[in-house]
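Each chain is listed here by its residues.
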Amino acid sequence: MTATTVIAAELEPRLARIRSVNRRILAAAWGMWSFKIGFFVFIALLLASAIYPEVSSVSATKMVVKDKFLAPVYLGDKWTWDHLLGTDQLGRDILMRSLIGLRYSLLVGVVTVVLIFVIGCGLGLFAGFKGKWWDTIIMRITDAQLSIPMIILAITILGVSRPTVPTIIIVLALSGWPLYARVARSAAVAERGKEYVRGLRVLGAGDWRILLLFTAPNILPPIAFVAVLDVARMMIFEAILGFLGLGIQPPTPSFGSIIADSRKYLLNAWWIGTIPGIFLAVALTSINLMGSALEKARNRIYGGL
Amino acid sequence: MLILEFLVKRIAQGLLIVVITSLIIFTLLRVVPGDPVRLIVGGMAPPDVVEKVATKMGLRDPIIVQYGRYMRGLIQGDLGQSYLRPRSGMIAAGGQYVDPTKSDMALVTDLILERLPFTLQLGGMALLFALLISFPVGIAGGLHQHGWQNALAFGTQSLFVSIPNFWLAIVLILFLSIKLKLLPALGYQGFSYVILPALVLAVEIAPFIIRTLTTSLGEVMQAPFIDEARVRGLSRRRIVYSHALRNAAVPLVNLLGIQLSTLIGGVLVIEYIFDYPGLGNLTVVSVVGRDFPVIQGIAITTSAVFVFINIIVDLVAYLIDPRVEI
């Protein structure tokens, strides 16, 4: 028997088992009502934000002064069917602005988490697997990065360079990776001593081969399930930056800047700030419901309960 | 002896972390565009004046030289002087020329020490509120894994974590302080001004505590020693409060160490919205004004607080459960 057949023979049942574990987690999550609710609400919001702005003739940025301060349908003295959720201080449609804001929010959230996942887990796996001084250097940098609150870093960078979607994503990713590095590192350290890694070493497999082909598929899926929760966290951060005036710049609507602008009209036109806030909160709740259901399912499967 | 060794090791590591943090912030401030001198001398000043002031302030030296000078001051407890704030407390208005090399600018150390108590008060109250909210919900959820209590804990946690803090702050200001006039909101004139911002922060922290408490208590209640305690005839109250909770507390204490940076970030935004005179508000104003010494001072202070609290957290975790490695 040659070395390759040994690896192949060992690999096949392992791959089958991994797939089944991940499938089992997904199936367990799908069985929970909270995951289903979150999933359908999320899909509905996603489709609405993807399709409605494309087919509707209403503009999110065009100002129509005669239509300003229209209330949502049936909820005020002045409303029309043209603007279901009312208009803001400059006569712009709130539904449309919220949906466009949601688009950017989701874009920033998802891309940032993917970046964080790649950077954080990459560094963490490498540090944990290599050990020795690689480990020390990378983890001390991680600790230092972790001790600077994300917001201070973000406003320091975005406060001076003009905030665009890519810079916002980079800043959020830069400040979000350390936790992932920590988690991936501790998993890699635990994995390093295991039988199959020693076996692969005896067979002459190099560090990278073991790390990328065998260890990573064992460690990463459980972390990825929980990363869903961070999409929501990043969306909140994007909104906070917008609120501080450091997010996506007007006239492009974003939740943070809409809510910040609405403060002046809070008493006379409550809907301008409240409705985008509810949109954001519903989107976040749907993502969090899915995320925590996945986390619960993961803990149940791994905990053997 | 073991604790002493631990303390020495961790404090040494902590110092290293603070040094790296200060280096990161120091370099970042000078690399990203935005010249503080331009803001100090005003937009109308000719470029040669800008250069002259900048050279006088040492801002044109290589970054590493500036950093060395800064660290020498730091060792003597001197964080430098603000570029923008005179000693009298008034902030220099844009364009009004204040010579930052003169000695009448406020010391960064004073600025920070003046505001730190306010921020600690806010953070402490927020933590207290968060514990008051999450303990009943979390314990009930952990004890009844398959009952409505668990669903309640799950729902509360999912809802709270999904509410953006700044939005909640605005809505609460609108209802509680403008419409119902129950609580004051903006500024600071006494203890009652802490309550509303602390509540908003508590809603931000509570879901993490609820989640950890529910999960870890649920796990502990499955452990053999709980069954054994029942066999010994201990009351349920005794089992839960002195056996299960003590064991479930370790992940909770660890969580507080990790979530600290979320808390600090939240404090910053909340202070800005409520115009609360703490460190967070100072940070936002300083970043906008490119007040380098103040930003550096705050970054060093927060990272030192972070390191200190994490050492305490690990020590407390060890004291609660001696099996934890330190």
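Computed from a predicted structure; not experimentally measured. (Residues numbered from 1 in each chain as written. Chains lettered and ligands numbered in written order. Predicted model: local features only at pLDDT ≥ 70, side-chain atom pairs only at ≥ 80, totals over all residues.)

1. Examining the overall build of chain A
From N to C terminus, chain A includes 10 helices and 0 strands. Seen in sequence order, chain A has helices and strands lined up from the N terminus as α-α-α-α-α-α-α-α-α-α. Referenced to the eigenvectors of the C-alpha coordinate spread, the extents of chain A come out at roughly 80 × 45 × 30 Å. Sequence separation of at least 24 residues holds for 72% of the intrachain contacts in chain A that already meet a minimum separation of 6. (Helix = DSSP H or I, 4+ residues; strand = E, 2+ residues; numbered from the N terminus. Contact = placed C-beta atoms within 7 Å.)

2. Digging into the overall build of chain B
Of regular secondary structure, chain B possesses 12 helices and 2 strands. Helices and strands in chain B line up, N terminus first, as α-α-α-α-β-β-α-α-α-α-α-α-α-α. Its C-alpha atoms give chain B principal-axis dimensions of roughly 85 × 60 × 30 Å.

3. Some remarks on the nonpolar core
Burial of nonpolar side chains together is a common tendency in soluble globular proteins. If you look at the biggest cluster of nonpolar residues, it comprises 160 residues, and the most contacted ones within it are A154(A), A169(B) and A202(B). Counting residues per element, this core draws most heavily on helix α8 (residues 192–221) of chain B, at 17 residues. Sequence-distant contacts of A169(B), defined by excluding residues within four places in its chain, comprise V200(B), I270(B), I273(B) and F274(B). (Core = buried A, V, L, I, M, F, W, Y, C linked by C-beta atoms within 7 Å. Buried ≥ 20, exposed ≤ 12 C-beta atoms within 10 Å, placed from the backbone.)

4. Concerning the interface of chain A and chain B
Contacts between the two partners involve 36 residues from chain A and, on the opposite side, 38 residues from chain B. Within the residue set of the side of chain A that touches chain B, elements represented by two or more residues are α4 (132–147), α5 (150–158), α8 (207–243) and α10 (271–303) of chain A. The element that contributes the greatest number of residues to the side of chain A that touches chain B is α10(A), accounting for 10 residues. Each residue belonging to the side of chain A that touches chain B can be placed in one class, and the counts come to 22 nonpolar, 11 polar and 3 charged. (Nonpolar A, V, L, I, M, F, W, Y, C, P; charged D, E, K, R; others polar.)

5. Here's the deal with the packing of helix α6 (residues 165–192) of chain A against α8(A)
Residue and element names in this part refer to chain A. Contact geometry of α6 with α8 gives a least axis separation of 10 Å together with a crossing angle of 155°. With respect to α8, the axis of α6 lies roughly antiparallel. When you trace α6 past α8, the crossing you get is right-handed. Touching I168, L172, G176, Y180, V183, A184, A187, A188 and E191 of α6 are T215, N218, I219, I223, M234, F237, E238 and L241, all from α8. Here the contact of α6 with α8 is built from residues that sort into 12 nonpolar, 3 polar and 2 charged. (Axes fitted to C-alpha atoms, helices over the stretch in contact; angles between N-to-C directions. Parallel < 35°, antiparallel > 145°, perpendicular 65-115°, else oblique. Left-handed = near helix turned anticlockwise from the far one by under 90°.)

6. Concerning the pairing of strand β1 (residues 81–86) of chain B
Residues and elements named next belong to chain B. Across the 6 residues that make up β1, a large majority, 5, are buried. Looking at chain direction, β1 and strand β2 (residues 105–107) are connected through 2 bridges and run antiparallel. Bridge pairing links P86 to M105 in β2. (Pairing = 2+ DSSP bridges.)

7. A few points about the environment of V253(B)
Relative to the helices and strands, V253(B) resides in helix α10 (residues 236–274). Residues in contact with V253(B), not counting those within four places in the same chain, are V313(B), V316(B), A317(B) and I320(B).

8. Focus on the confidence of the model for chain A
The predicted model of chain A averages 82 in pLDDT, with 92% of residues at 70 or higher. Per-residue pLDDT, averaged within each element of chain A, yields its smallest value for helix α1 (residues 3–30) of chain A (65) and its largest for helix α3 (residues 94–130) of chain A (90). (pLDDT = per-residue confidence, 0-100.)

9. Section: helix α4 (residues 63–75) of chain B
Between its first and last C-alpha, α4(B) extends 18 Å over 13 residues, near the 18 Å set by a 1.5 Å rise per residue. Within two residues after α4(B), G77(B) carries a phi angle of roughly 80°, on the positive side. (Expected span 1.5 Å × (residues − 1).)

10. As for the packing of helix α1 (residues 2–31) of chain B against α4(B)
Residue and element names in this part refer to chain B. Interhelical geometry of α1 versus α4 gives an angle of 135° and a closest axis separation of 11 Å. Classified by the angle between their axes, α1 and α4 sit oblique to one another. The chirality of how α1 crosses α4 is right-handed. In contact with L23, F26, T27 and R30 of α1, α4 contributes I63, Y67 and Y70. Of the residues in the contact of α1 with α4, the class split is 5 nonpolar, 1 polar and 1 charged.

11. Examining the environment of G120(A)
Residues and elements named next belong to chain A. Following the sequence through the fold, G120 ends up in helix α3. Classification of G120 by C-beta neighbours within 10 Å gives buried; the count is 24. Separated by 35 residues in sequence, G120 and L85 place their C-alpha atoms 41 Å apart. Apart from the residues lying within four places of it in its own chain, the contact partners of G120 are W177, P178, L179, Y180, A181 and A184.

12. Notes on the confidence of the model for chain B
Residue and element names in this part refer to chain B. Confidence in the prediction of chain B, expressed as mean pLDDT, is 81, and 92% of residues score 70 or more. Between residues 92–96, whose pLDDT stays under 50, and residues either more than four places distant or in other chains, the model counts 6 contacts. Confidence estimates for the predicted assembly give a pTM of 0.81 and an ipTM of 0.76.

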